[in-house]
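Structural features, examined
So you can see what is in the structure, the chains are spelled out below.
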Amino acid sequence: MAGSAVDRDNLAHWLTLYLDALQELIDGHYSRELQVVVVAVNSGRSSPVPFGHVVREQGPSVRFYVDPAAEFEVLIDDWTAPHELAHLLLPYVDARWLSEGFASYYQNVLLTHTGVYTPERAWDKLRERFARAGAEGRRATPASGASRLLTYWSGAALALRADLELRRRGSSLDEVLKQLAICCLPARRSWSDMELASKLDELAGMALVVPLVMAYRHQQGMPPTADLFTAPDEALRRQIMAPTGRLPR
């Protein structure tokens, strides 16, 4: 933690909450090699965490730029930490829409598992982001990078669709990512979108992610999402966003 003004206990408490949630999601199978660096910045921006990013060249590392005056309850309500940590569920993927999409989906899952979001708030956030991405990116494709919202939320829609289908069959995306962590992480080289999709399907034992990637990446506009929120899947959605009750605040 860099910066004389940093409240180390406050920041350690904030990061530990989300690191524990990440480990719990995949049953403790994430690498213990992770380095987390916190740099104090007075950015004048409204966000308590104006920026964060993952570095993998010398092993996984996450760097956060944080307002040192931010209180714990403000920090934990910010999405940056769960988003950046969720990137660690995958290797580096050279298809940004898929990498950012999975991280965007799982930021909401982690925020809810910790009890920071209610399940209702998480689902409302996803609906709202899907709608905004659809409005902004109607002439773009997920893989083009022409629409920032579409880049982030088309992949999140894919992750949610895959998670629901896996849960219908008695598994989950969490379980598949746990198996990915066991077999393949940390990974110090980049993966293509199809390489990742093929590995996830292999671990899931079904052709699921590859067809979705092929259908979505060059399709114009936001993939369909209305059917992801229908009544028949309500029980499955409760499973996805259920607070664990085991993560101390």
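Right above here is the structure, for reference.
Attention in this report is confined to the structure presented alongside it. Quantities reported herein were computed from a predicted structural model and do not represent experimental measurements.

Turning to the side chain of serine 172, a few remarks are in order. Along the chain, the position of serine 172 falls in the loop between α6 (148–168) and α7 (173–184). Classification of serine 172 as buried rests on a relative accessible area of 10%.

Applying the stated criterion to the full structure yields one disulfide. Two residues share a disulfide in this structure: cysteine 183 and cysteine 184, whose sulfurs sit 2.3 Å from each other. Its torsion about the S-S bond being -85°, the disulfide of cysteine 183 and cysteine 184 is classed as left-handed. In this structure cysteine 184 comes out as buried when scored by relative accessible area, which is 17%.

Right, let's talk about the sheet that holds strand β1 (residues 35–40) for a bit. Spatially, the three strands line up as an open sheet ordered β1-β3-β2, and their pairing is mixed. The strands lining the two open edges of the sheet, one partner per strand, are β1 and β2 (51–55). On average, each strand axis in the sheet is tilted by 15° relative to the strand beside it, whichever way the strands run. Pairing of β1 with strand β3 (residues 61–66), which is carried by six bridges, proceeds in the parallel orientation. Residue pairing in the sheet places alanine 40 in a bridge with valine 66 of β3.

Before going further, it helps to examine the environment of arginine 121. For arginine 121, the location among the structural elements is in helix α5 (residues 119–136). Considering only alpha carbons, one finds arginine 121 and leucine 19, 102 residues apart in sequence, at a separation of 21 Å. Setting aside its immediate chain neighbours within four residues, arginine 121 contacts Asp77 and Val116.

The rules we used
- Residues numbered from 1 in each chain as written.
- Predicted model: local features only at pLDDT ≥ 70, side-chain atom pairs only at ≥ 80, totals over all residues.
- Heavy atoms only, no water.
- Helix = DSSP H or I, 4+ residues; strand = E, 2+ residues; numbered from the N terminus.
- Buried < 20%, exposed > 50% of the residue type's maximum accessible area, 1.4 Å probe, protein only.
- Disulfide = S-S within 2.5 Å.
- Pairing = 2+ DSSP bridges.
- Axes fitted to C-alpha atoms, helices over the stretch in contact; angles between N-to-C directions.
- Contact = heavy atoms within 4.5 Å.

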